[in-house]
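Reading the structure
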Amino acid sequence: MRSSSMASAPTSKYNSRSLENESIKRTSRDGVNRDLSEAVPRLPGEIRITDKEVIYICPFNGPIKGRVYITNYRLYLRSLETKLSLSPVVNLTSCQDSALILDVPLGVISRIEKMGGATSRGENSYGLDITCKDMRNLRFALKQEGHSRRDMFEILTRHAFPLSHSLPIFAFVNEEKFNVDGWMVYNPVEEYRRQGLPNHHWRITFINKCYELCDTYPPLLVVPFRATDEDLKRVATFRSRNRIPVLSWIHPENKTVIVRCSQPLVGMSGKRNKDDEKYLDVIRETNRQISKLTIYDARPNVNAVANKATGGGYESDDAYHNTELFFLDIHNIHVMRESLKKVKDIVYPNVEESHWLSSLESTHWLEHIKLILTGAIQVADKVSSGRSSVLVHCSDGWDRTAQLTSLAMLMLDSFYRSIEGFEILVQKEWISFGHKFASRIGHGDKNHADADRSPIFLQFIDCVWQMSKQFPTAFEFNERFLMTILDHLYSCRFGTFLYNCESARERQKVTERTVSLWSLINSNKDTFKNPFYTKEINRVLYPVASMRHLELWVNYYIRWNPRIKQQQPNPVEQRYMELLALRDEYIKRLEELQLANSAKLSDPSTSPSSPSQMLPHVQTHF
Amino acid sequence: MFSLKPPRPTFRSYLLPPPQAEDAFDSEPKIKKLEPVLLPGEIVVNEVSFVRKCIATDTSQYDLWGKLICSNFKISFVTDDPMPLQKFRYRNLLLGEHDVPLTCIEQIVTVNDHKRKQKVLGPNQKLKFNPTELIIYCKDFRIVRFRFDESGPESAKKVCLAIAHYSQPTDLQLLFAFEYVGKKYHNSANTLNGIPTGGGGGAGGGSSQKTPLFETYSDWDREVKRTGASGWRVCSINEGYMISTCLPEYFVVPSSLADQDLKTFSHSFVGRRMPLWCWSHSNGSALVRTALIKDLLQQRKIDQRICNAITKSHPQRSDVYKSDLDKTLPSIQDIQAAFVKLKQLCVNEPFGETEERWLSSLEGTRWLEYVRAFLKHSAELVYTLESRRVSVVLQEEEGRDLSCVVASLVQVMLDPHFRTIPGFQSLVQKEWVMSGYQFLDRCNHLKRSEKESPLFLLFLDATWQLLEQHPAAFEFSETYLAVLGDSTRISLFGTFLFNSPHQRVKQSTEFAISKNIQLGDEKGLKFPSVWDWSLQFTAKDRTLFHNPLYVGRRTPCARSSAVKAFRRTKKNYSSTLRGMPASLRNGLLSDQESLPRRNSLILQVRPDPSPHAGGQDGGLEQFFREWLCKPADLHGVLLPHLSATHIKLWKLCYFRWVPEAQIDRGGFITAFHRLSLLADEVDVLSRTLRQHRAGPLEACYAELDQSRMYFRARGPHDTPETPEFLSSSFPFSPVGNLCRRSISGTPLSKFLSGAKIWLSTETLANED
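Residues numbered from 1 in each chain as written. Chains lettered and ligands numbered in written order. Predicted model: local features only at pLDDT ≥ 70, side-chain atom pairs only at ≥ 80, totals over all residues. Heavy atoms only, no water.

Applied cut-off: UniProt positions are given in the numbering used here, feature names are shortened, and annotations may be inferred rather than shown by experiment.
As named in an unreviewed UniProt entry, chain B is Myotubularin-related protein 10, taken from Myotis myotis. Reading the Sequence similarities (unreviewed entry) entry of the UniProt record for chain B gives the comment "Belongs to the protein-tyrosine phosphatase family. Non-receptor class myotubularin subfamily."

Structural data, given as structure tokens:
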């Protein structure tokens, strides 16, 4: 289907609704509603809180009267006027409910503002303006009488920002059941075993079992065999937040490795730490290459220098002899946040049509994507060519470092390009190694201006999308998979992205008390499969990180605009599915014919030149 | 120095392989001595040995040694060295791996890096230094570089001068096609079947349909009948080009206008180009193109008469909508300027340096803006014809430039026939070749014209945008469009050689007389047609023209009743596609409904709730929105998405020679590959089924091993890896093309870095 109607577009195909098997009762055609609350989708554990008549100021269609339903999970709006417009097309489909629907998980809300005051005169100038984390704003106009706005504002604020009101995040209330347990997807021991670890040079250590070495690292770490636990403790004192260099990935053949960590605590005085220096040398020696250890500092050079003022820094030549240091020029979380803001400015509600490309350029978003991909390509190439092992860090090693290691691993290891492999990659490099999802996303927190918020994970998914565009057959998952991950990055329906690190998750018993996003995805796997996927082992994927090929992910960033939305499903994929169906149909027919013919064959009256002679041919061919 | 009389050929010439043997020709003939493969009529003008062709961008280790030859058709580099690094080669039967047709040359730069001199070579110019290097800038965005370090300095110089001379001929009749056709005619004097057909060959693969050339009365008549146009007739007043030398001999006019009226009116039009019918909608509205009326006194009167006649030809007598293209669209000069900038940006600027400001630079070329403008304007006219049911008259000063683009795009959007290969080819014949698009001047084959403008490429680009947005609606692939564009730069096909059909007749008759060729009843020489694709590509290679996504009109595919009803109105467009036998279609119909289908999605469509529609613009807006709400009917009207986010750069066409932009084993082609395998599997199954049903007798006639697909399925559960040779440039390969990077660090870079690149003759011809 192409860009669907104005009405259906805001309720994206990618929202959770379409994935639930709840029957949604249609409004009757005349637009008169009986108990509409039945029509509101509800998850197990979801509780209805209130509903209210509002005017939804749709940026694409103008004001539409509707009823909004608020639960502890979502804001759901159904228009009351079914604006049956004038076209014959409508008659064609008028059996359908043509109501406009908005279905917004409260977790997506970043800010709620009152607009207009008691004295506001203009039509629809009094109400609420809701800023969402997923590139849109929602405006509702309310009646000035009574306390209708105050009530709605308060209810929304309480449930959109539960943490600021001592309420539980919905994931802890959600009672959904799936036949697959997504929490079982990632088992670190198994994943390291898949990589061939432990081996002669690398061992698994439980030194962080109770998070005593580093509270933002997972309990299980892979470190050089020759480094003792005591060594690790000493190294930890010299690395920001004790995030010591640990193995992320090892090349199955040449045994070069990707190691991740945080910056060394060099400081203004240029401090040195013999243990840290020796530790890096031990890492370097784990493979037989006599080359140097390559250090990729994700930051721009100046930022790395500036970090010395706050006690950080980078590995200097004179202290770390057998290393080579490169800066990858990737900017910090604040720059990325501002860049995404600019993207929103040019795409929502209206697309900056007249100077689209130069406007896009001025957001620098694609330039950042390019730098991240370029960095990851360098890491992957270094490791894959076997020239040397690689150590990656930024400042704390949980933002840019996660982007680089996970993207490089995606390029190097085809396993991560499967659905399950990708889940493991996210679970490992992002969740378990302490990307601060809670701070970066601000789950359930009202402080929308928090400087800790930043679209780092979104950037990573964007990079993955860019790669999937360049290699349409290399990934088992489709665009929808990536969008679903992003939707639930904010939705708070699942526990997957809650909290900043494993220790916090353990304290909150997240795996026991919440459902994993992978449960949803893995029990609907077919929906997320890329029909063109061709499994290839041992192929390193090098995307072309050039502005000539990077594109704005229109289907994601501009998905709320019905005029821009690209055809869904993708017509190429759709045609492929049709051909598959046709093939199966033909095969069935052939089998039927063969059966019929073989029945005839037993009939002696059949001539020898009957089509049944073809049968062996058919069988060999198919 | 170079006489117009060509010297006697000193090399053996190889005749083109006869078409039936073309597949056997796949294995390359062994060339023992370094000799070029020559076409009939092709002669070697000059040659130099021990030439190095530069291959890689930053090393000379892959360079090839061989002989550089200038013939009257091409530059040929003949070598025994195998091409390094290249994984795939799309072979053009007319050209060797390293050959460049003379008409594809944009600029010739000679360099002497010892003396630090360079010169852009024009025709009849002298060269005061012996070149150490020759750089050929091609019109298709390639850059080829040769070095003469080990070759005889004088011979090198002579070859360079010969290339400059022969690539910039003084006269149309010096273009190679004349020599080639002359040879063919002479040869055919001895044989019976040697006369080239001139007619459009099939597209290869499954289609053996001939492309109507619209040179005859009957082609136009068939087109009138195909579109169901009543009130229109074929008129013959221009037979022998008695009225106008830039109109076809036959064209279609309102039935109510008598020949005598037309003759009278014609004097008032620029170039005597009176209104020509292009196409009729099944609702009766017609698309007409015309030049302006230059006679101001008569203007109103004639305009009125013409409009009345067009109205009369409309079954509902509806009004006429006039679209003044000169006022609404960029001029041909604007388009040329945009294209020059685009070329500069895509190939000539250093790759790395353009990266940072790539998007704004791309915007700055205005190319995409212009492509969008043509699509937008055409789509608006589609609305007028389709929804307002009003006839449209395209007006343009001469009526033979912008009109070609707009008339073609409107028809591609409205009529699914023009989205098939034979249909698209007939469209190019109808609206470009026969309507007097000045290919000679606009393509600048003689390199003298100030009139160069890439309108035809712009049309291909706009078609590509539609193909990109509606990938299942076209029978052809983007490779087909790119190859068609390339074919305009091979001076062999009569299709793209002339400014008008009359010019072909006139020039070739003159030529025939001068060469003693008996023309008999023929009107001028019959040049090979570009539509005879077998001249350029093997049957196997031609299958790359086919789009595996295409849903043919009769491709078995169930449709919802709603769409069926909609399609019924389009019934009178005859499809030229071969479908399945009726019996099989019927056999399948009953079960089709059970298959998941695109059109089943219609149930999910919600109407546009916006009621804001007022006036004509509102109607247009609403038309667009309503159309976008519906699932696209691939055999109905096709509209472009016109948002800036939807108009994209045609990467295959513009990046294919840029090594840095190549995605190895990636790009859309990898999905295309998978699709082809599946489409092929479905085809084989369908044929097998047909054989089963047809019984033994008819089975004999079934196409047993004919596939539409380049990539063939091997078995049912065969999921082969993505072939090594696929890349985003496929089927082309940037290997051997030099981009700017390679030049940096050489003495040449010092010359070029200061100069505006894509050297203009003015800036650099100041060497001596």
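1. Structural notes on the domain arrangement of chain B
All names here are of chain B. Here is the rule we go by: A domain assignment, automatic or from a database, supplies the domain bounds used here. Contact criterion: two residues are considered in contact whenever any of their non-hydrogen atoms come within 4.5 Å of each other. The term buried area means the drop in 1.4 Å probe accessible area that two parts suffer when joined, counted for both and summed. Any Lys or Arg side-chain nitrogen found within 4 Å of a carboxyl oxygen on Asp or Glu counts as a salt bridge. N or O atoms closer than or at 3.5 Å make up a polar contact, with two conditions inside protein: a donor-capable atom paired with an acceptor-capable one, and, for residues adjacent in sequence, both atoms drawn from side chains.
For chain B, the domain assignment lists domain 1 (44-168) and domain 2 (217-544). Relative placement of domain 1 and domain 2: their C-alpha centres are 35 Å apart. Each side of the interface is counted separately: domain 1 has 21 residues, and domain 2 has 28 residues. Summing both partners gives a buried area of about 2100 Å² for domain 1 against domain 2, and 60% of it is carried by carbon and sulfur. Linking domain 1 with domain 2 are one salt bridge. Ionic pairing is found between Lys343 and Glu106, a salt bridge with its closest N-O pair at 2.6 Å. The tally of links between domain 1 and domain 2 comes to 11 residue pairs in polar contact (both at pLDDT 80 or more).

2. Notes on the sheet that holds strand 3 (residues 74-79) of chain A
Residue and element names in this part refer to chain A. Stated formally: Two strands are counted as paired when DSSP detects at least two bridges linking them. Helix and strand labels come from DSSP, where a helix needs a run of H or I of at least four residues and a strand needs a run of E of at least two; each type is numbered from the N terminus. With axes taken as lines fitted to C-alpha atoms, and helix axes fitted only over the stretch in contact, angles between N-to-C directions fall between 0 and 180 degrees.
On the basis of which strands lie adjacent, the open sheet formed by seven strands has the order 4-3-2-1-7-6-5 and antiparallel pairing. Two strands lie at the open edges of the sheet, namely strand 4 (101-105) and strand 5 (109-115), each paired on one side alone. Taking each pair of neighbouring strands and ignoring which way they run, the sheet shows an average axis angle of 30 degrees. Pairing of strand 3 with strand 4, which is carried by five bridges, proceeds in the antiparallel orientation. Looking across to strand 4, one finds that Tyr76 is bridged to Asp103.

3. Describing the environment of B:Ala258
Residue and element names in this part refer to chain B. Keep this limit in mind: Only protein chains enter the accessibility calculation, which uses a 1.4 Å probe; a residue whose area is less than 20% of its type maximum is buried, one above 50% is exposed, and one in between is partly exposed.
Within the element layout of this structure, Ala258 appears in the loop between strand 10 (251-254) and helix 4 (259-266). On the basis of relative accessibility, which here comes to 38%, the residue Ala258 falls in the partly exposed class. In this structure the C-alpha to C-alpha distance between Ala258 and Cys235, which are 23 residues apart in sequence, comes to 9.2 Å.

4. Points about the pairing of strand 1 (residues 44-53) of chain B
Residue and element names in this part refer to chain B. With seven of 10 residues buried, strand 1 lies mostly within the body of the structure. Bridge count between strand 1 and strand 2 (residues 64-71): seven bridges; the pairing is antiparallel. Counted as the bridge partner of Val48 is Leu68 from strand 2. The pairing of strand 1 with strand 8 (residues 143-147) spans two bridges and is antiparallel. Residue pairing across strands places Lys53 opposite Phe146, the latter belonging to strand 8.

5. Observations regarding the packing of helix 10 (residues 367-386) of chain B against helix 14 (residues 455-469) of chain B
All names here are of chain B. Operational definition: Throughout, the term roughly parallel applies to angles under 35 degrees, roughly antiparallel to angles over 145, roughly perpendicular to angles from 65 to 115, and oblique to all others.
The interhelical angle for the contact between helix 10 and helix 14, taken along N-to-C directions, is 75 degrees, at an axis separation of 10 Å. As far as their axial angle goes, helix 14 and helix 10 are roughly perpendicular. Residue-level contacts link Trp367, Leu368, Val371, Phe374 and Leu375 of helix 10 to Leu458, Asp461, Ala462, Gln465 and Leu466 of helix 14.

6. Some words on helix 8 (residues 356-363) of chain A
By the criterion of burial, helix 8 of chain A is predominantly enclosed, with six of the eight residues buried. For helix 8 of chain A, every residue scored as buried is listed here: A:Trp356, A:Leu357, A:Ser359, A:Leu360, A:Glu361 and A:Thr363. Those residues of helix 8 of chain A that are buried lie in contact with helix 7 (333-347) and helix 9 (365-384) of chain A together with helix 9 (358-365) and helix 10 of chain B. At the C-terminal side of helix 8 of chain A, A:His364 shows a positive phi close to 65 degrees.

7. Quick look at the packing of aromatic side chains
All names here are of chain B. We apply this condition: Any two of the Phe, Tyr and Trp rings considered here, Trp counted by its six-membered ring, make a pair once their centres fall within 6.5 Å; the pair's planes then place it as stacked at under 30 degrees, edge-to-face at over 60, or tilted in between. Working rule: Lys NZ or Arg CZ, within 6 Å of ring centre, within 35 degrees of ring normal, means a charge sits over the ring.
Enumeration according to the criterion identifies 74 aromatic pairs over all chains in this entry. When the centroid spacing of 6.3 Å and the interplanar angle of 65 degrees are considered together, the rings of Trp531 and Trp533 count as edge-to-face. Judged on exposure class, the residue Trp531 and its partner Trp533 are both buried. Its end group placed over the ring of Tyr710, Lys540 keeps NZ or CZ at 4.3 Å from the ring centre. Note that Arg656 overlies the ring of Phe732, its terminal NZ or CZ placed 4.4 Å from the centroid.

8. Quick word on the packing of helix 7 (residues 332-348) of chain B against helix 10 of chain B
Residues and elements named next belong to chain B. Running from N to C, helix 7 and helix 10 point in directions that differ by 140 degrees, and their axes come no closer than 9 Å. When the interaxial angle is binned, helix 7 and helix 10 end up oblique. Contacts from Asp334, Ile335, Ala338, Phe339 and Leu342 of helix 7 reach helix 10 at Trp367, Tyr370 and Phe374.

9. Focus on the confidence of the model for chain B
Residues and elements named next belong to chain B. Basically, it comes down to this: pLDDT expresses how confident the predictor is about each individual residue, on a scale running from 0 to 100.
Predicted confidence across chain B gives a mean pLDDT of 81, with 78% of residues reaching 70 or more. When the criterion is pLDDT under 50, residues 698-702 qualifies, and its contacts beyond four places in sequence or with other chains add up to four contacts. Note on residues 739-768: pLDDT is under 50 here. Beyond four places in sequence and across chains, it has 64 contacts. Two numbers describe this predicted complex: its pTM, 0.88, and its ipTM, 0.88.

10. Here we look at the side chain of A:Asn478
Residues and elements named next belong to chain A. Mapped onto the elements of the fold, Asn478 is located in the loop between helix 13 (456-470) and helix 14 (479-491). A polar contact is formed between the side chain of Asn478 and the backbone nitrogen of Phe481, at a distance of 3.0 Å. A distance of 3.1 Å separates a polar side-chain atom of Asn478 from the backbone oxygen of Thr527. If we ignore the near neighbours within four places in the chain, the residues touching Asn478 are Thr527, Phe528, Lys529, Asn530 and Glu573.

11. Description of empty space enclosed by the protein
Residues and elements named next belong to chain B. Just so we agree on the cut-off: Definitions used for this entry: grid spacing 1 Å over protein atoms alone; cavity, a set of points where a 1.4 Å probe fits but cannot get out; pocket, an open set with protein on both sides within 12 Å along at least 5 of 7 lines; lining residue, one with an atom within 4 Å of a point. Grid points are joined across faces, edges and corners, and a volume is the space filled by probe spheres set on the points. Note on residue classes: Ala, Val, Leu, Ile, Met, Phe, Trp, Tyr, Cys and Pro are nonpolar, Asp, Glu, Lys and Arg are charged, and everything else, Gly too, is polar.
By volume, the largest cavity is sized at about 600 Å³. Lining of the largest cavity is provided by 34 residues; of these, Tyr90, Glu97, Arg142, Trp657 and Phe732 occupy positions nearest its centre. Those elements that provide at least two residues to the lining of the largest cavity are strand 8 and helix 15 (478-487). At three residues, helix 15 tops the list of elements feeding residues into the lining of the largest cavity. Of the residues that make up the lining of the largest cavity, three or more belong to each of domain 1 (44-168) and domain 2 (217-544). Contributions of two or more residues to the lining of the second largest cavity are made by helix 7 and helix 14. In terms of residue count, helix 14 provides more of the lining of the second largest cavity than any other element does, four residues in total. Considering only residue class, the lining of the second largest cavity consists of eight nonpolar, six polar and five charged.

12. Regarding the nonpolar core
Using the following cut-off: What is meant by a nonpolar core is a set of buried Ala, Val, Leu, Ile, Met, Phe, Trp, Tyr and Cys residues, joined one to another through side-chain atoms within 4.5 Å.
One finds A:Phe422, A:Phe457 and B:Tyr654 to be the most contacted residues of the largest nonpolar core, which totals 307 residues. With 11 residues, helix 10 of chain B is the largest single contributor of residues to this core. Formed jointly, this core draws a minimum of three residues from each of two domains, domain 1 (44-168) and domain 2 (217-544) of chain B. Residues in contact with B:Tyr654, not counting those within four places in the same chain, are B:Phe141, B:Phe339, B:Leu342, B:Cys346, B:Trp367, B:Leu457, B:Asp461 and B:Leu649. If you look at the next biggest cluster of nonpolar residues, it comprises 36 residues, including A:Leu220, A:Tyr279, A:Leu293 and A:Phe433.

13. Topic: unusual backbone geometry
With an omega dihedral of -5 degrees, the bond running from A:Tyr348 to A:Pro349 counts as a cis peptide bond. Mapping A:Pro349 onto the fold places it in the loop between helix 7 and helix 8. In the segment running from B:Phe730 into B:Pro731, the intervening peptide bond is cis, with an omega of 0 degrees. For B:Pro731, the location among the structural elements is in the loop between helix 22 (668-699) and helix 23 (740-743). For B:Asn444, which is not glycine, the phi torsion reads 60 degrees and is therefore positive. With respect to the element layout, B:Asn444 can be found in the loop between helix 13 (439-442) and helix 14. Phi at B:Arg665 takes a positive value of approximately 50 degrees, unusual for a residue other than glycine. Mapped onto the elements of the fold, B:Arg665 is located in the loop between helix 21 (651-655) and helix 22. In this structure B:Arg665 comes out as buried when scored by relative accessible area, which is 11%.

14. Quick notes on the side chain of B:Gln469
Among the secondary structure elements, B:Gln469 is positioned in helix 14. A distance of 2.5 Å separates a polar atom in the side chain of B:Gln469 from the backbone nitrogen of B:His641.

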